[in-house]
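Tertiary structure, described
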Amino acid sequence: MPEATPAMSAAPAAYSRLTPLRVQAERLVELGVHEIVGLSAAELRAFAAAAETTAPADGALLAVHPDRAPASVLAPLLRRDGRPGFVVVDMPDVDAFAPLDTVELPDAPLYLVTGLDRGDRMANWSPDEALPALAAEDRTPLLLTEGIHWVLQQPEVLARGNCFMTIGSRLRRPNGTLDARTPAIWISNGTGRDGRERRNAPKVGWCWAGNRHTWLGFASATGRNP
């Protein structure tokens, strides 16, 4: 597999620290995510307030279980330059992309994702190359819904030239093998079937598992906590 160059490894993240969990909860309430999940605003706020007492000092991401808020529902909530996010037209089965067997999710509607990293140093790696490398580092690849939650809370994490894949979510075929598509979140150029009106909009799409892209890292975390 390719090696990250020293410059890539040493480059600082071009995004700020996550806001406190209570602030993240307010953001989700503002977007109506609590209603999608089937919780009251008070319940969402209470979870965030309690979680702050045990969250890591460097912060954590407040996420909703994908079974309660799928990617197709969350993607349109994204915004960039006033344009809403969208799922590419050739991914109508986006919600069928489920966690890999190696990804353990808390059995709860809300949970925390810790130790986020956009994976810039793995730019120009393929998903097939990145997944075992992340496992060797004891890191877990982000789910597509977790990546969307990250961009909802930190829009600046999505930047031209530095977008990311979420290879913790994969589609399993009826015969048990994995579909070759791997989900990613990037910024539309407004070309092709996206349409010019979607230029600069946040875009949920996919790439082949064996292909490399210089502008896509591999988002990962250190863990998930209920």
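Our subject is the structure that appears above.
Residue positions are counted from 1 within each chain, in the order its sequence is given. Owing to the predicted nature of the model, reporting of local features is limited to residues with pLDDT of at least 70; listing and counting of side-chain atom pairs is limited to 80 or more, with chain, interface and lining totals taken over all residues. Only hydrogens and water are set aside when side-chain values are computed; all heavy atoms of the structure are taken into account.

**Some points on the environment of Ala133**
Selection criterion: Secondary structure elements follow DSSP: runs of H or I no shorter than four residues count as helices, runs of E no shorter than two count as strands, and numbering proceeds from the N terminus. The cut-offs for exposure are 20% and 50% of the maximum accessible area for each residue type, with area from a 1.4 Å probe on protein chains only; residues under the lower value are buried, those over the upper are exposed, and the others partly exposed.
Examined against the element boundaries, Ala133 turns out to sit in helix α6 (residues 127-136). By relative accessible area, Ala133 is classed as buried at 10%. For the pair formed by Ala133 and Met122, sequence separation is eleven residues and the distance between their alpha carbons is 9.4 Å.

**Let's talk about the sheet that holds strand β6 (residues 110-114)**
This is how it is decided: When DSSP finds two or more bridges between a pair of strands, those strands are recorded as paired. Fitted lines through C-alpha atoms serve as axes, helices being fitted only where they are in contact, and the angles separating the N-to-C directions of these axes extend from 0 to 180 degrees. In this analysis, two residues are considered to be in contact whenever any of their non-hydrogen atoms come within 4.5 Å of each other.
What the three strands build is an open sheet, ordered β1-β6-β14; its pairing is antiparallel. Both outer strands of the open sheet, β1 (60-64) and β14 (223-225), are each paired with one neighbouring strand and no more. Sheet twist, expressed as the mean angle between neighbouring strand axes with direction ignored, is 35°. Of the strands in this sheet, β1 and β6 touch helix α2 (residues 21-31), which is tilted by about 30° from β1. Helix-sheet contacts for helix α7 (residues 144-153) involve β1, β6 and β14, and the interaxial angle to β1 is about 120°.

**Here's the deal with the sheet that holds strand β12 (residues 216-218)**
Neighbouring strands of a sheet are bound in pairs by backbone hydrogen bonds; such pairs are parallel or else antiparallel. The five strands lie next to each other as β4-β11-β10-β8-β12, forming an open sheet whose pairing is mixed. Since the sheet does not close on itself, it has two edges, and those belong to β4 (86-87) and β12, each with one partner. Bridge count between strand β8 (residues 163-165) and β12: three bridges; the pairing is parallel. Among the inter-strand pairings, Phe164 is bridged to a residue of β12, identified as Gly217. Relative to β12, α6 is tilted by about 30°, and along the sheet it contacts β8, β10 (181-187), β11 (202-208) and β12. The sheet contacts of α7 involve β8, β10 and β11, and relative to β10 the element is tilted by about 10°.

Function-wise, these values are silent; they only describe arrangement.
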